[in-house]
Amino acid sequence: MSMAAPEPLFDYPAHFFPIDITHGDVKVKVLKIGWEGVCMDDKCGEPAIIYFHGGGYCGGSPRGYANFCAMLSRMCRARVYSVDYRLVPEHKIEDGVEDCVTVYKWLISNIGQDPANVCLVGDSAGGGLVLAALQVVCGGPDSQFSIATEVIPTPAGAVLISPYADVSFSSKSSTENLTTDPIIGKKLQNVLRKFTLRGEMSDDNDPRVSFIQGMFFETFPPMYVCASETESLYDDAVTICSKAKARGIPVTFDSAPFGVHIYPIFSAFAPEYQDGLEKMARFIRNIFHMDRDYAQASKNSNRPKFIPGSNKKNKDPRSPVQST
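Along each chain, the written sequence defines residue order, and numbers are assigned to residues from 1. The predicted origin of the model limits local features to residues at a pLDDT of at least 70 and limits the giving and counting of side-chain atom pairs to 80 or more, whereas totals for whole chains, interfaces and linings rest on all residues. Side-chain calculation: all heavy atoms of the structure are included, whereas hydrogens and water are not.

A. Just the overall build of the protein, in detail. Helix numbering and strand numbering both begin at the N terminus, where a helix is a DSSP run of H or I of at least 4 residues and a strand a DSSP run of E of at least 2. A tally of regular secondary structure across the protein gives eight helices and eight strands. Within the protein, counting contacts between residues at least 6 apart in sequence, those at least 24 apart form 74% of the total. Surface exposure of the protein reaches about 13100 Å², of which carbon and sulfur atoms provide 50%. Contact definition: two residues touch when any of their heavy atoms are within 4.5 Å. To measure how exposed things are, a 1.4 Å probe is used in the Shrake-Rupley method; for residues, cover is taken only from the protein chains shown.

B. Looking closely at helix α7 (residues 274–287). Here, expected helix span is obtained from the residue count minus one, scaled by 1.5 Å. Taking 1.5 Å per residue, 14 residues should reach 20 Å; α7 reaches 20 Å between its end C-alpha atoms and fits that length. Among the 14 residues of α7, ten are classified as buried, and the element is accordingly described as predominantly covered. Only protein chains enter the calculation, and the probe is 1.4 Å; a residue is then buried if its accessible area is under 20% of its type maximum, exposed if over 50%, and partly exposed in between. Considered for burial, the residues of α7 that qualify are Gln274, Gly276, Leu277, Glu278, Met280, Ala281, Phe283, Ile284, Arg285 and Ile287. Residue His289 follows α7 closely and has a positive phi angle near 55 degrees.

C. View of the sheet that holds strand β5 (residues 118–123). At least two bridges found by DSSP between two strands are what make those strands a pair. Taken in spatial order, the eight strands of this open sheet run β1-β2-β4-β3-β5-β6-β7-β8, and their pairing is mixed. Two strands in the sheet have a free side with no partner beyond their single neighbour: β1 (14–23) and β8 (251–256). In this sheet, adjacent strand axes meet at a mean angle of 20 degrees when their direction is disregarded. Strands β1, β2 (26–35), β3 (48–52), β4 (79–84) and β5 of the sheet are contacted by helix α2 (residues 93–110), whose axis makes an angle of about 95 degrees with β1. Axis definition: a line fitted to C-alpha atoms, over the contacting stretch in the case of helices. Angles run 0 to 180 degrees between N-to-C directions.

D. Representation of the packing of helix α1 (residues 66–76) against α7 within the structure. One way to put it is that α1 packs onto α7 with a least axis distance of 9 Å and a crossing angle of 55 degrees. Comparing the axis directions of α1 and α7 gives the class oblique. For the crossing formed where α1 meets α7, the hand is right-handed. On the side of α1, the interface is formed by Phe68, Met71, Leu72, Met75 and Cys76, while α7 contributes Leu277, Glu278, Met280, Ala281, Ile284 and Arg285. The nonpolar class holds Ala, Val, Leu, Ile, Met, Phe, Trp, Tyr, Cys and Pro. Asp, Glu, Lys and Arg form the charged class, and all remaining residues, Gly among them, are polar. A breakdown of the residues in the contact of α1 with α7 according to their chemical character gives nine nonpolar, no polar and two charged. When an angle is under 35 degrees it counts as roughly parallel; over 145 it counts as roughly antiparallel; between 65 and 115 it counts as roughly perpendicular; any other value is oblique. The handedness criterion is simple: a crossing whose near helix is rotated anticlockwise from the far helix by less than a right angle is left-handed, and one whose near helix is rotated clockwise is right-handed.

E. Up close: the side chain of Ser168. On the secondary structure map, Ser168 appears in the loop between β6 (157–161) and α4 (173–176). Using a relative accessible area of 12% as the deciding quantity, one classes Ser168 as buried. A polar contact of 2.6 Å, which involves the side chain of Ser168, links it to the side chain of Asp166. Throughout this description, a polar contact denotes any pair of N or O atoms lying within 3.5 Å of each other; where both atoms belong to protein, one of them has to be capable of donating a hydrogen while the other can accept it, and for residues adjacent in sequence the pair is counted only when both atoms sit in side chains. A polar contact is formed between the side chain of Ser168 and the side chain of Ser170, at a distance of 2.8 Å. If sequence neighbours within four positions are ignored, Ser168 has contacts with Asp204, Asn205 and Ser210.

F. Broad picture of unusual backbone geometry. Cis geometry is adopted by the peptide bond preceding Pro89, which originates at Val88 and carries an omega value of 0 degrees. Checked against the element boundaries, Pro89 lands in the loop between β4 and α2. Although it is not a glycine, Ser124 sits at a positive phi angle of roughly 55 degrees. Residue classification places Ser124 among the buried positions, given a relative accessible area of 7%. Although it is not a glycine, Ile262 sits at a positive phi angle of roughly 50 degrees. Residue placement: Ile262 occurs in the loop between β8 and α7. According to the relative accessible area criterion, Ile262 is buried, its value standing at 10%.

The following block contains the structure:
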């Protein structure tokens, strides 16, 4: 049974289409999201974003991220495929990786989407899954995953928002930032580690669960990574950037001096986070070679603006989707 389309939190012109994707023996539920005017035809060839939601690999859903993905759709002029991947502890973490890669394979193989018009985006655990998906796509059988049997064409880019990619929580920030991170405390760290290992693995540094320990291949696409300096996962982002740069991979790192975990996602409610969201969207538009066209279209657009917490369709200076 397909998931039901969510009720929008705000009054804005976006469309939500629950779909089932099948590639080989794997079936994955996906929520396709698009702002008014964005081409929603799978085969139209226009830019597409594949979104992997957060939730510590054990929670979250595309429905919970529907409004944020609608914002991304408008800001990046792209349709968004939000993946309902399998979660731990009911499933292995590699099952979730397989689901994410399946949607990418489906889009470029079954549908014929040009990989140069695809960007992978994820927050927290979803950011970890973006890294894992790149390891499968770019490394194939040389990666740490048994599901990787071939090298797949590389997407145009990847965005990792406060990535959770080290299940061991052994970094300096995972301890020192406990007093400044209101979301990921010590108890939650222990629960997430237990759920991910599932009693089947004893090594929390195994690259099959801690993707940060996996290979960083030179064929990785340009990456945008962001994190708050006060969150416990800050060092995950720093290490990912360091390892990527060491392999010659183009990396843009946005290090916010303050903010909560996955802070750009809260920009609709916290004006101080809007700059981070716009930097991320600008990166995506740039890899799609559309930033100039976006700015002109936004300037000339008469569409209603996205207004957090309101049903009124007028311009609000706090809106995270104002033109650049």
